[in-house]
Amino acid sequence: MTDPRYPIGKFHFDGDVSDAARAERIAEIEAAPRALRAALDGLTQEQLDTPYREGGWTLRQVAHHVPDSHLNAYVRFKLALTESTPTIKPYDEARWAELPDTRETPIEVSLALLDALHRRWVTLLRAMDAADFSRAFVHPEHGRTMSLDAALAMYAWHGKHHVAHVRGARR
Ligand code: NI
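A brief report on the enclosed structure follows. (Residues numbered from 1 in each chain as written. Predicted model: local features only at pLDDT ≥ 70, side-chain atom pairs only at ≥ 80, totals over all residues. Heavy atoms only, no water.)

Here we look at the overall build of the protein
Counting its regular elements, the protein contains eight helices and two strands. The globule rule puts the C-alpha radius of gyration for 171 residues at 16 Å, and the 16 Å found for the protein is close to it. Across its three principal directions, the C-alpha atoms of the protein cover 45 × 30 × 30 Å. Residues counted as buried form 43% of the 171 residues belonging to the protein. Summarising the internal contacts of the protein: among those between residues at least 6 apart in sequence, 75% fall at separations of at least 24. Accessible surface for the protein amounts to roughly 9500 Å². Of this, 53% is attributable to carbon and sulfur atoms. The protein carries 22 positive and 24 negative side-chain charges, and their two centres are separated by 0 Å. (Helix = DSSP H or I, 4+ residues; strand = E, 2+ residues; numbered from the N terminus. Rg over C-alpha atoms; globule rule 2.2 N^0.38 Å. Buried < 20%, exposed > 50% of the residue type's maximum accessible area, 1.4 Å probe, protein only. Contact = heavy atoms within 4.5 Å. Areas by Shrake-Rupley, 256 points an atom, 1.4 Å probe, with all protein chains shown as cover. Lys, Arg positive; Asp, Glu negative; His and termini not counted. Charge placed at Lys NZ, Arg CZ, Asp CG, Glu CD.)

Some details on the nonpolar core
Of all hydrophobic cores here, the largest spans 21 residues; its most connected members are I29, F77, W121 and L125. Those elements giving two or more residues to this core turn out to be α1 (19-40), α3 (59-82), α6 (107-126) and α8 (148-170). Looking at this core element by element, the count peaks at six residues for α8. If near-sequence neighbours (up to four positions away) are discounted, L125 is found in contact with I26, I29, F77, F133 and L152. Residues W57, V62, V66 and I107 belong to the second largest nonpolar core, which totals 17 residues. (Core = buried A, V, L, I, M, F, W, Y, C linked by side-chain atoms within 4.5 Å.)

Remarks on the side chain of H139
Residue position: H139 is located in strand β1 (residues 136-139). Filtering out sequence-adjacent residues up to four positions away, H139 remains in contact with R76, I88, P90 and R144.

Structure, rendered in structure tokens:
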């Protein structure tokens, strides 16, 4: 049985930094807003307030979490592109998911936010060359340096990961 928290498996960076691998990851990031919207389409308010698994986030929290996470990701990319291996600011995603905007904002607002955000992010990603993707940031919680190649792969995974939560809950 697969772990219900990780329906597509945990993130693992395969180290492939070919142009083809990058293009595929960028295409996945481009497709993520539409995929999340399709997965949530037609759900009732009651269904949105149902956890995707026992003890997990509700589908509503998942819908708001994805733009919360990807806003941070977008900022991390821009910091790494404009500063020398900056240390980024972690955020407490569990507490963010408990703030009133997550409870009270219609999910459509977050889906529109994700659409707009990914349009800018993908425009940036498509303009990046190999040297840009080798730039990196430091995550202070693990003290580890992460390249933008690895971050690109992680966020491509992250979108699919949460879409899989919603799809799984629908079944
Ligand atoms: Ni997440």
